[in-house]
Amino acid sequence: MFSYCADPSALEGLSWYLCYLTTGKHMAFYTSFGTVLLLLAITAPVALGFGFLGAMSARSHFAPLSWLGKGYIAVVRGVPDIAFFLFFVIALDQFFEWIRHEVKCPDWEQPIRQGNDFVVCAAAKLPLGNAPQVVHEIYGFSLAVLTFAIVFGAFAANVLFGAMRAVPRAQLETAEAYGMSQRQCFWRILVPQMWVYALPGLSNLWMVLIKATPLLFLLGVEDIVFWARELGGAKTPRFTDYPHGDWRMWYFLALLVFYLAFTRVSEVALDRLMKRLTRGQATLAGEAQRKAA
């Protein structure tokens, strides 16, 4: 913090804005951009893992496993995201606390469900009441990552399931004729070639995931939308050293620029990845590259 910011009432012009934009709350606002990027960096591969397992289960010849995979895809895709986010996080948190309650407090005699309240012993709370604030934040962030991964994993599973079916069956039959096992055909023929068919759908899913990050606010995580509303709202001298009117439009304009820039970078990266995947493949894009060469 600048030394001349000690007396905000004496500031004016550029100095006032410099001090205002370097307050503790603004530093938290800037840090929240990193929170969103970290969420995307962790959620994307985890959701892809959920999707891959879901697609493998859906195409399994073992009927119960196939039903499980197709049921996961159908149920999660059929529930509105906002309803799933509001319900699932509460249910998951209570499930974890119930497991801990059964292990740590076996002598508990009171009912866990007391009307609308969910009551467990103090030792079963997640996180513990005396835990540092950073533990509470990490726990909430972890729940958010898991929820995002399950939701978008179902959409990824549907995309990958379709991509697996798009790989020409003749190639798998040729591999089997050369003596490859079903496992070898899957990992050496099907999986390497399915990505070129899956990438258009996965790229759209990535864009939707970026736009869904404001839902972090619903999960109790102080994200960029939370701080934009908090800092942009009108402030009076009674509650702050830097009073101002309703500036939410400017804060949300900054978020607009951030999301547009990030999606543009994503488009460029995905386009290069698509060109790399289609090189030498028996697809229209691969054929176009061969003719251009």
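Residues numbered from 1 in each chain as written. Predicted model: local features only at pLDDT ≥ 70, side-chain atom pairs only at ≥ 80, totals over all residues. Heavy atoms only, no water.

1. Notes on the confidence of the model for the protein
Okay, so step 1: In this model, the protein carries a mean pLDDT of 83, and residues with pLDDT of at least 70 account for 91%.
Okay, so step 2: No element of the protein has a lower mean pLDDT than helix α10 (residues 284-292), which averages 51, and none a higher one than helix α2 (residues 24-58), which averages 91. (pLDDT = per-residue confidence, 0-100. Helix = DSSP H or I, 4+ residues; strand = E, 2+ residues; numbered from the N terminus.)

2. A word on the UniProt feature "transmembrane region" (unreviewed entry) in the protein
Okay, so step 1: Sequence positions flagged by UniProt for "transmembrane region" (unreviewed entry) are, in local numbering, residues 27-53, 74-92, 138-164, 185-209 and 249-270.
Okay, so step 2: Within the segment residues 27-53, helix and strand shares are 100% and 0% respectively, and the terminal C-alpha atoms sit 39 Å apart.
Okay, so step 3: Secondary structure content for residues 138-164 is 100% helix and 0% strand, and the end C-alpha separation is 36 Å. (UniProt positions renumbered as here; feature names shortened; annotations may be inferred.)

3. Let's talk about the pattern of salt bridges
Okay, so step 1: Under the defined criterion, the tally for this structure stands at six salt bridges.
Okay, so step 2: The residue D246 makes a salt bridge to R248 at a minimum N-O spacing of 2.6 Å.
Okay, so step 3: Since its relative accessible area comes to 39%, R248 is described here as partly exposed.
Okay, so step 4: Connected through shared salt-bridge partners, R169, E173 and E176 make up one network. (Salt bridge = Lys/Arg side-chain N within 4 Å of Asp/Glu carboxyl O. Buried < 20%, exposed > 50% of the residue type's maximum accessible area, 1.4 Å probe, protein only.)

4. A few points about the side chain of T147
Okay, so step 1: Residue position: T147 is located in helix α5 (residues 133-166).
Okay, so step 2: Beyond its immediate chain neighbours, meaning those up to four positions away, T147 contacts F84, F85, F88 and V89. (Contact = heavy atoms within 4.5 Å.)

5. So, the layout of surface pockets
Okay, so step 1: Considered as a void within the structure, the largest pocket measures approximately 680 Å³ in volume.
Okay, so step 2: Lining the largest pocket are 21 residues, with R59, H61, Q182, F186 and L190 sitting closest to its centre.
Okay, so step 3: Sorting the residues of the lining of the largest pocket by element identifies α2, α3 (63-78), α5, α6 (169-177) and α7 (182-212) as the ones contributing at least two each.
Okay, so step 4: The greatest single-element share of the lining of the largest pocket, amounting to six residues, is contributed by α7.
Okay, so step 5: Classifying every residue of the lining of the largest pocket gives 11 nonpolar, four polar and six charged.
Okay, so step 6: Reported here for the second largest pocket is a volume of approximately 570 Å³.
Okay, so step 7: Around the second largest pocket, the lining comprises 24 residues; the ones closest to its centre are E137, F141, G220, V221 and E222.
Okay, so step 8: Contributions of two or more residues to the lining of the second largest pocket are made by α2, α4 (81-104) and α5.
Okay, so step 9: Per element, the largest residue contribution to the lining of the second largest pocket is eight residues, and it comes from α5.
Okay, so step 10: Its residues placed into classes, the lining of the second largest pocket shows 13 nonpolar, eight polar and three charged. (1 Å grid on protein atoms, 1.4 Å probe; cavity = no way out; pocket = protein on both sides within 12 Å on 5 of 7 lines; lining within 4 Å. Points joined across faces, edges and corners; volume = space filled by probe spheres on them. Nonpolar A, V, L, I, M, F, W, Y, C, P; charged D, E, K, R; others polar.)

6. Topic: the packing of α2 against helix α8 (residues 224-232)
Okay, so step 1: Between α2 and α8, whose axes approach to 8 Å, the crossing angle comes to 160°. In this view, α2 runs roughly antiparallel relative to α8, as classed from their interaxial angle. Classified by chirality, the crossing of α8 by α2 is left-handed. Residues K25, H26, A28, F29, S32, F33 and V36 of α2 touch α8, and the partners they reach there are I224, W227, A228, E230 and L231.
Okay, so step 2: For the contact of α2 with α8, the residue count by class is eight nonpolar, two polar and two charged. (Axes fitted to C-alpha atoms, helices over the stretch in contact; angles between N-to-C directions. Parallel < 35°, antiparallel > 145°, perpendicular 65-115°, else oblique. Left-handed = near helix turned anticlockwise from the far one by under 90°.)

7. Digging into the packing of aromatic side chains
Okay, so step 1: Evaluation of the coordinates by the stated rule reveals 16 aromatic pairs.
Okay, so step 2: Considering the side-chain rings of F186 and W187, the 5.1 Å spacing of their centres and the 90° angle between planes classify their relative orientation as edge-to-face.
Okay, so step 3: Judged by relative accessible area, which is 11%, F186 ranks as buried.
Okay, so step 4: What makes W187 partly exposed here is its relative accessible area of 45%.
Okay, so step 5: One aromatic cluster in this structure is built from F29, Y30, F33, W206, Y251, F258, Y259 and F262. (Phe/Tyr/Trp six-rings, centres within 6.5 Å; stacked < 30°, edge-to-face > 60°.)

8. Focus on α5
Okay, so step 1: Taking 1.5 Å per residue, 34 residues should reach 50 Å; α5 reaches 49 Å between its end C-alpha atoms and fits that length.
Okay, so step 2: The sharpest bend along α5 measures roughly 30° and falls at G153. (Expected span 1.5 Å × (residues − 1). Bend = angle between axes of the 7 residues up to and from the residue.)

9. Things to note about the environment of G78
Okay, so step 1: Looking at where G78 falls in the secondary structure, it is placed in helix α3.
Okay, so step 2: For the pair G78 and A154, spaced 76 residues apart in sequence, the C-alpha to C-alpha distance is 10.0 Å.

10. Let's talk about the environment of G232
Okay, so step 1: Mapped onto the fold, G232 is located in helix α8.
Okay, so step 2: Judged by its relative accessible area of 0%, G232 falls in the buried class.
Okay, so step 3: Through-space distance from the C-alpha of G232 to that of F88 is 30 Å; in sequence the pair is 144 residues apart.

11. Thoughts on the nonpolar core
Okay, so step 1: Among the nonpolar cores identified, the biggest contains 70 residues, and F29, F148, F152, M194, I224 and L255 are the most heavily contacted of them.
Okay, so step 2: Counting residues per element, this core draws most heavily on α5, at 17 residues.
Okay, so step 3: Discounting chain neighbours no more than four positions away, the residues touching F148 are L39, T43, F85, G153, L209, A212, T213, L215, L216 and L219.
Okay, so step 4: C105, V120, C121 and A124 belong to the second-largest nonpolar core, a separate cluster that totals six residues. (Core = buried A, V, L, I, M, F, W, Y, C linked by side-chain atoms within 4.5 Å.)

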